[in-house]
Amino acid sequence: MRKTILVSLGLITLLVAVSIISLLIGSTGSEIQRLWAMDNSSETRRVWTILLSYRLPRTLLAALAGAGLASSGVVFQGVLRNPLADPYLIGIASGGALGAVISIVLLGEGHVIGTSLAAFAGSLTAVAMVYGLAAAKRGAAYINTVILAGVIVGAFMNALMLLTISVSGSDEMQRILFWLMGDLSLADYGKVKSAGVMALTGWVLIYLNANRLNLLIAGDDTASNLGIDVRKARSMFMAVAALITGTIVSVSGTVGFVGLVVPHAMRLLFGPDNRILLPASLLGGAAFLAASDCAARVVAYPVELPVGVITALAGAPFFLYLLVRK
Amino acid sequence: MTLPCDGCAGTSLLKCTGIRFGYDKRPVLDGIDLTVEEGDFVGVIGPNGSGKSTLVKLMSGLLTPLGGDVAFKGRDMAELSRREVAKELAVVAQEETVDFGFNVAEEVMLGRSPHHGGLHFESNSDRDLVEDAMRKTGVQHLADRKTEALSGGERQRVRIARALAQQPRVLLLDEPTNHLDLYSQLSLTELMHSINQDGLAIVLVSHDINFVSRSCRRIEILHEGRLRFGGPPHEVITEANLRSCFHIEAVVDANPITGGPRMTPIGRVNGGL
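Since this is a predicted model, take the numbers as computed values, not measurements.

Enquirer: When you look at the overall build of chain A in this model, what are you seeing that I'm missing?
Expert: Helix and strand content of chain A: 14 helices and zero strands. Each helix (α) and strand (β) of chain A, taken in turn from the N terminus, gives the series α-α-α-α-α-α-α-α-α-α-α-α-α-α. When its C-alpha atoms are laid out on the principal axes, chain A stretches across 70 × 55 × 35 Å. Here chain A holds 326 residues, and 57% of them are scored as buried. Of the roughly 13700 Å² of accessible surface on chain A, 72% is carried by carbon and sulfur atoms.

Put into structure tokens, the structure is as follows:
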């Protein structure tokens, strides 16, 4: 318990620091002084508007997406008993991408809500197909079916997406590319609110069952002998984690590596106990993606990079390091 | 089959009545009757593939019999929640190893789960029980070690500690001597005797005839889907029974120290050497 509190405090401090940097980055020194001045000049109002209307929702969305992806990563790794699993393994990313591309091609890139809803629908379609195939299986067969079906469904959805792009001759390639690499530039409070409510509700539901997730890691029979209804618990975890991931994908595109690397790093730091791992990943994921977004905004200034480029550039070497170290 | 009252005198802890089970139409168990009372110490022996592990899974409710029924304290196993069962029945089985790196103390603490909800941080009494279980099984000194770094025998003792932390009234063990050297087997026997003395009923299944005849007070032989010859070791472990059920020629004499039956295998029936 004391460890949990210490961990949480440390990560909260990190998250706050990253958020402040994210809010201020891109401002000049004199602009930051104006923020403190609090006078009513038009220049001060302009600086505050940039901060509150653009940078704050964007920072919040980055933190939210990071928290959601990392937490669902913990759940998928636990339920599938595979530390290499990630939230996109079961076709969510490809399904979401297909939905988003169809919407962008048909409705245009301006239709942001359409893109989100289509992406969400696409994610859930992919997940439903994978779960449908695996639901009746037991033990290792379940896990193998989920992983294989996820790969196949993902590949199929990817092919459909590329087909859609090719035949449409869409001139919105830039938009599509951004979406596929993760895009936080269209953040607004509406997105933060709706996605936040969904993701946090899901997270609380998962956290209230953290002990059960610990048991699922020990194997189907062991978990059952230790008092949980494996099929029910597993379905709950997978469904909620898929909803969280689908929600995040619908508002931020498919940001890679957060759901894979953050749970891993947190497990190395704090051990495998999900009662600690879940809050640690929530905070660590939020800080990681918010920091990555800062980098995406400034490294090639004035050009903005898709945030997924940064998470992959930072995440892949780290992951390789973990593999080698083991 | 459901008896009217739960926990009243005369209700068996665990009662299998005519259970049948098979995989893909291949029958494995064909009418198993087995009753386990408070404080019993039963061993089920049988050759490989005779359905011993299946029997354990049926008795613990992991599998549902195709016919007959399993009653736990007078109530149908299938109607009980897994949590209700886990509060009073613990299983030590061979299981897959896990990559996630729980340490021994955390692994044993999982045994407390049935007594708590989905989000619970351990209390002092949980910690005491875990401590106690680790001391009884001799894994205290391993508390901080990762389970995947342990030897097979150590891992087995950790699983037993986890089962004891459940505070069960019945303990089922599936092939508990796998991976155990003779020293560990003897300490396992001692451990089982001492927890059995505390009132815990034990059922173990094994192909290790000498281990079971040394350890258990009652032995059943699983043969062709049924339990046969149930009784105390000296009545069950006989040359005739070993010949008919295990297809081995063996000499059975009395252990000079304990007086219990001692089996020395000679060769296969009809097979020569």
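Having seen it, we continue.
Enquirer: Explain the interface of chain B and chain A here, please?
Expert: The extent of an interface is frequently quoted as the accessible surface area lost upon association of the parts. Facing 28 residues of chain B, the contacting portion of chain A comprises 32 residues. It is Phe100, Leu119 and Phe121 of chain B in chain B that bury the most area against chain A; as a group they hold 28% of the surface buried on that side. Taken together, chain B and chain A are joined by two salt bridges. Lys57 of chain B is the partner of Asp221 of chain A in a salt bridge, and the nearest nitrogen-oxygen pair spans 3.7 Å. Put simply, the parts of the chain that give the side of chain B that touches chain A at least two residues each are helix 1 (52–60), helix 2 (82–86) and strand 6 (89–92) of chain B. A per-element tally of the side of chain B that touches chain A places helix 2 of chain B first, with three residues. Split by residue class, the side of chain B that touches chain A holds 11 nonpolar, eight polar and nine charged.

Enquirer: Before we go on, may I ask you to explain the sheet that holds strand 9 (residues 218–223) of chain B in this structure?
Expert: Remark on secondary structure: sheet strands pair via backbone hydrogen bonds, oriented parallel or antiparallel. All names here are of chain B. Pairing within the open sheet is mixed, and its six strands lie in the order 6-7-8-3-9-10. Of all strands in the sheet, those with a lone pairing partner are strand 6 and strand 10 (226–231), marking the two edges. Across the sheet, the mean angle from the axis of one strand to that of its neighbour is 20 degrees, orientation sign disregarded. Relative to strand 10, strand 9 runs antiparallel, the two sharing four bridges. Each residue of the ladder has a partner; that of Ile221, found in strand 10, is Arg228. Packed onto the sheet, helix 9 (residues 239–246) meets strand 3 (41–45), strand 9 and strand 10 and runs at close to 30 degrees relative to strand 9.

Enquirer: Sorry if this is basic, but what is going on with unusual backbone geometry here?
Expert: The general pattern is negative phi for most residues beyond glycine and trans for most peptide bonds. Residue and element names in this part refer to chain B. Its identity as a non-glycine residue notwithstanding, Phe229 has a phi of 60 degrees, on the positive side. Its location among the elements puts Phe229 in strand 10. Phi is positive for His247, close to 55 degrees, though the residue is something other than glycine. Looking at the element boundaries, His247 is found in the loop between helix 9 and strand 11 (248–254). Note on His247: relative accessible area 46%, which makes it partly exposed.

Enquirer: Help me understand the environment of Gly284 of chain A, please; the structure alone is not making it clear to me.
Expert: Residues and elements named next belong to chain A. Tracing the backbone through its elements, the reader meets Gly284 in helix 13 (residues 274–298). Residue classification places Gly284 among the buried residues on the basis of a relative accessible area of 6%. Separated by 103 residues in the primary sequence, Gly284 and Met181 have C-alpha atoms spaced 21 Å apart. Discounting chain neighbours no more than four positions away, the residues touching Gly284 are Leu11, Val262 and Met266.

Enquirer: What's the story with a nonpolar patch on the surface in this structure? I'm lost.
Expert: Residues Ile5, Leu9, Ile12, Val16 and Ile20 of chain A make up a contiguous nonpolar surface patch of roughly 430 Å² in combined accessible area. Tracing the backbone shows Ile12 of chain A in helix 1 (residues 2–24).

Enquirer: Sorry if this is basic, but what is going on with the packing of helix 4 (residues 92–107) of chain A against helix 5 (residues 112–134) of chain A here?
Expert: Helix packing geometry: the angle between the two helix axes and the distance between the axes. All names here are of chain A. Packing of helix 4 against helix 5 leaves a shortest axis separation of 6 Å and a crossing angle of 145 degrees. Our pair here, helix 4 against helix 5, has a crossing hand that is right-handed. Of helix 5, the residues touching helix 4 (which contributes Ile92, Gly95, Gly96, Gly99, Ala100, Ser103, Ile104 and Leu107) are Gly114, Thr115, Ala118, Ala119, Gly122, Ser123, Ala126 and Val127. Class assignment of the residues belonging to the contact of helix 4 with helix 5 gives a composition of eight nonpolar, eight polar and no charged.

Enquirer: Even after reading the chapter, I still don't get the pattern of salt bridges, so can you show me in this structure?
Expert: Two side chains of opposite charge can pair, provided their charged atoms sit close to one another. This structure, assessed with the given rule, holds 22 salt bridges over all chains. Notably, a salt bridge pairs Arg58 of chain A with Asp293 of chain A, separated by 2.9 Å at the nearest N-O pair. One end of the pair, Arg58 of chain A, is in helix 3 (residues 42–79); the other, Asp293 of chain A, is in helix 13, with 235 residues separating them in the sequence. Exposure remark for Arg58 of chain A: the relative accessible area of 10% places this residue in the buried category. Take Asp293 of chain A: its relative accessible area is 1%, and that puts it in the buried class. With a closest N to O distance of 3.0 Å, Glu249 of chain B and Arg243 of chain B form a salt bridge. Of the residues examined, Glu249 of chain B reaches a relative accessible area of 29% and is grouped as partly exposed.

Enquirer: Help me understand the environment of Ser123 of chain A in this model?
Expert: Residues and elements named next belong to chain A. Looking at where Ser123 falls in the secondary structure, it is placed in helix 5. Here Ser123 falls in the buried class, since its relative accessible area comes to 0%. Distance from Ser123 to Gly99, taken between C-alpha atoms, is 7.7 Å for residues 24 residues apart in sequence. Ser123 has contacts with Ile92, Gly95, Gly96, Gly246 and Val249, leaving out every residue within four places of it along the chain.

Enquirer: What's the story with the confidence of the model for chain B in this structure? I'm lost.
Expert: As a note on interpretation, predicted positions should not be read in detail where pLDDT is low. All names here are of chain B. On average, residues of chain B carry a pLDDT of 88, and 93% of them reach 70 or more. Of the regions scoring below 50 in pLDDT, residues 1–9 engages in 14 contacts with residues more than four places distant in sequence or in other chains. Both scores are given for the predicted complex: the pTM is 0.88, the ipTM 0.88.

Enquirer: Even after reading the chapter, I still don't get the pairing of strand 8 (residues 201–206) of chain B, so can you show me in this structure?
Expert: All names here are of chain B. With six of its six residues buried, strand 8 lies for the most part within the structure. Every second residue of strand 8 is oriented toward a common face, with Ala201, Val203 and Val205 on one face and Ile202, Leu204 and Ser206 on the other, all of them buried. Direction of pairing for strand 3 relative to strand 8: parallel, over a ladder of five bridges. The residue bridging Gly43 from the neighbouring strand is Leu204, located in strand 8. Where strand 7 (residues 170–174) lies against strand 8, five bridges are found, and the strand directions are parallel. By the bridge assignment, Leu173 is partnered in strand 8 with Leu204. In this region the chain leaves strand 7, passes through helix 6 (residues 182–197) and returns to the parallel neighbour strand 8; the handedness of that crossover is right-handed.

What counts and what doesn't
- Residues numbered from 1 in each chain as written.
- Chains lettered and ligands numbered in written order.
- Predicted model: local features only at pLDDT ≥ 70, side-chain atom pairs only at ≥ 80, totals over all residues.
- Heavy atoms only, no water.
- Helix = DSSP H or I, 4+ residues; strand = E, 2+ residues; numbered from the N terminus.
- Buried < 20%, exposed > 50% of the residue type's maximum accessible area, 1.4 Å probe, protein only.
- Areas by Shrake-Rupley, 256 points an atom, 1.4 Å probe, with all protein chains shown as cover.
- Contact = heavy atoms within 4.5 Å.
- Buried area = accessible area lost by both parts, 1.4 Å probe.
- Salt bridge = Lys/Arg side-chain N within 4 Å of Asp/Glu carboxyl O.
- Nonpolar A, V, L, I, M, F, W, Y, C, P; charged D, E, K, R; others polar.
- Pairing = 2+ DSSP bridges.
- Axes fitted to C-alpha atoms, helices over the stretch in contact; angles between N-to-C directions.
- Patch = residues over 30% accessible without salt bridge, like charges linked within 9 Å, V, L, I, M, F, W, Y side chains within 5 Å.
- Left-handed = near helix turned anticlockwise from the far one by under 90°.
- pLDDT = per-residue confidence, 0-100.
- Right-handed = clockwise from strand over helix to strand, strands pointing away.

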